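Structural description and commentary
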Amino acid sequence: MAAGIRGPMGLISLVLIAGSIVLILFVVLSGVTSTTPLKKTYFLQADTSTFIGSGRPVSQWTYFYVCGTDNADCGKPVPALPIGYAWIGGTEGVPSGLVGSRAKDTTSKYYYYMWRFGWVFYLMGLIFDVFAFFASLLAPCSRLASYFSGAILFFAVFWFSLGAALMTAVFVKARNEFHGAGISASLGRYAFGFTWGAWAAMFLAVITLFLGGGLSGARDTPTTRRSFFRRQSHRKSKGSFVDENGHRVKEEYS
């Protein structure tokens, strides 16, 4: 029965990992096309109509782009996009807490480095998640594959946790900066929902992988060992007897 648990656990983990990859890709590819749900996926939306250097009445920050409403009118894709690229033409009217000496004097050190590290950790989580998916293809039929893919996925959860935490800290704080300056801003429900939904799926997949490997290996129970030794003792004693001098003598069968 224990060995039979490995198959369902492996399949469940495989589905969870695949689901987490899809959710992360929704976030990473936001701004690439204007189809649903990608056009609704962004980290932060703010009213930038009063910013001289913006050029957009509304700006939406995605993984690679700064876009307009519905992720249209996007700029060029930039890895670890500085938040200040939304007002690259000038910082007049921008909340002072967001502006600094980084990224062509558009972004403060806090937002520049926090999101830069968060962006990298987010990507590393996705990469390890993909590796874990391919490793877990053998999890339903191999205890070693369950442990191996679980270990890879553990690293995926570690890096993705850092990335998601930094993402949340950066854009929640940026929203508060806008609100403090009396500017309308809101967090992207889809991006945050996809991100933390992917984290939950990865976390559950780690549990199911190690649980499947552990239960499938729990075959040598105390009851099984006692039964084994009883059989061995019975085999040794069968066909022999002890003579009057205390020596074991094999019984002769006709």
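Data block above holds the structure.
Residues numbered from 1 in each chain as written. Predicted model: local features only at pLDDT ≥ 70, side-chain atom pairs only at ≥ 80, totals over all residues. Heavy atoms only, no water.

Attention now moves to the overall build of the chain. Scanning the chain for helices and strands turns up 6 helices and 6 strands. When the helices and strands of the chain are read in sequence order from the N terminus, they spell out α-β-β-β-α-α-α-β-α-α-β-β. Within the span of the chain, comprising 254 residues, buried residues form 39% of the whole. Of all intrachain contacts in the chain linking residues separated by at least 6 positions in sequence, the fraction that spans at least 24 positions is 62%. If you sum the accessible surface of the chain, you get close to 13400 Å²; carbon and sulfur atoms cover 65% of it. (Helix = DSSP H or I, 4+ residues; strand = E, 2+ residues; numbered from the N terminus. Buried < 20%, exposed > 50% of the residue type's maximum accessible area, 1.4 Å probe, protein only. Contact = heavy atoms within 4.5 Å. Areas by Shrake-Rupley, 256 points an atom, 1.4 Å probe, with all protein chains shown as cover.)

The subject of this paragraph is the packing of aromatic side chains. Per the stated rule, a full pass over the model turns up 27 aromatic pairs. Centroid distance Tyr63 to Trp119: 4.8 Å. Interplanar angle 20°. Geometry classified as stacked. Separated by 56 residues along the polypeptide, Tyr63 in the loop between β2 (58-61) and β3 (66-67) and Trp119 in helix α3 (residues 109-135) bring together distant segments of the chain. Residue Trp119 is classed as buried on the basis of its relative accessible area of 9%. For the ring pair Phe117 and Phe121, a centre distance of 6.2 Å and an interplane angle of 35° mean the geometry is tilted. Taken together, the positions of Phe117 and Phe121, both in helix α3 and 4 residues apart, correspond to about one turn of that helix. Three or more aromatic residues joined by ring pairs form one cluster here, namely Phe43, Tyr63, Phe64, Trp115, Trp119, Tyr122, Phe160 and Phe171. (Phe/Tyr/Trp six-rings, centres within 6.5 Å; stacked < 30°, edge-to-face > 60°.)

Counted as a void, the largest pocket has a volume near 160 Å³. Residues that form the lining of the largest pocket fall into these classes: 8 nonpolar, 3 polar and 2 charged. (1 Å grid on protein atoms, 1.4 Å probe; cavity = no way out; pocket = protein on both sides within 12 Å on 5 of 7 lines; lining within 4 Å. Points joined across faces, edges and corners; volume = space filled by probe spheres on them. Nonpolar A, V, L, I, M, F, W, Y, C, P; charged D, E, K, R; others polar.)

Turning our eyes to something else, we now look at the sheet that holds β2. The 4 strands lie next to each other as β3-β2-β1-β4, forming an open sheet whose pairing is antiparallel. On the outer flanks of this sheet lie β3 and β4 (185-187), each paired with one strand and no other. Across 2 bridges, β2 lies against β3 in antiparallel orientation. From the neighbouring strand, Trp61 faces β3, where its bridge partner is Val66. Contacting β1 (44-47), β2 and β4, helix α4 (residues 143-180) crosses the sheet at an angle of about 160° to β4. (Pairing = 2+ DSSP bridges. Axes fitted to C-alpha atoms, helices over the stretch in contact; angles between N-to-C directions.)

This paragraph deals with unusual backbone geometry. The omega angle of the peptide bond from Thr36 to Pro37 is 5°, so this bond is cis rather than trans. Mapped onto the secondary structure, Pro37 falls in the loop between α1 (2-28) and β1. Backbone geometry at Asp73 places phi at a positive 55°, although glycine is not the residue there. Residue position: Asp73 is located in the loop between β3 and α2 (102-105). Under the relative-accessibility criterion, Asp73 is labelled exposed at 56%. Although it is not a glycine, Lys104 sits at a positive phi angle of roughly 60°.

Bringing the environment of Arg102 into the picture now. You can see Arg102 is positioned in helix α2. Assessed through its relative accessible area of 28%, Arg102 is described here as partly exposed. Separated by 20 residues in the primary sequence, Arg102 and Pro82 place their C-alpha atoms 8.4 Å from one another.

Let us now look at the packing of α3 against α4. Remark: α3 packs on α4, axes separated minimally by 7 Å, with the N-to-C direction vectors making an angle of 155°. In this view, α3 runs roughly antiparallel relative to α4, as classed from their interaxial angle. With respect to the hand of their crossing, α3 and α4 are arranged in left-handed fashion. Classifying every residue of the contact of α3 with α4 gives 28 nonpolar, 4 polar and 3 charged. (Parallel < 35°, antiparallel > 145°, perpendicular 65-115°, else oblique. Left-handed = near helix turned anticlockwise from the far one by under 90°.)

Moving on, we come to the state of the cysteines. For the coordinates displayed, the defined rule picks out 1 disulfide. Across a sulfur-sulfur distance of 1.9 Å, Cys67 and Cys74 are joined as a disulfide pair. The sign of the 105° torsion about the S-S bond sets the Cys67-Cys74 disulfide as right-handed. Overall, the relative accessible area of 0% leaves Cys67 in the buried class. (Disulfide = S-S within 2.5 Å.)

Looking now at the pairing of β2. Sheet topology places β1 next to β2; 4 bridges connect them, and they run antiparallel. Residue pairing for β2: Gln45 is matched across the bridge by Gln60. Hairpin geometry of β2 and β3 is characterised by an intervening segment of 4 residues between the two adjacent antiparallel strands.

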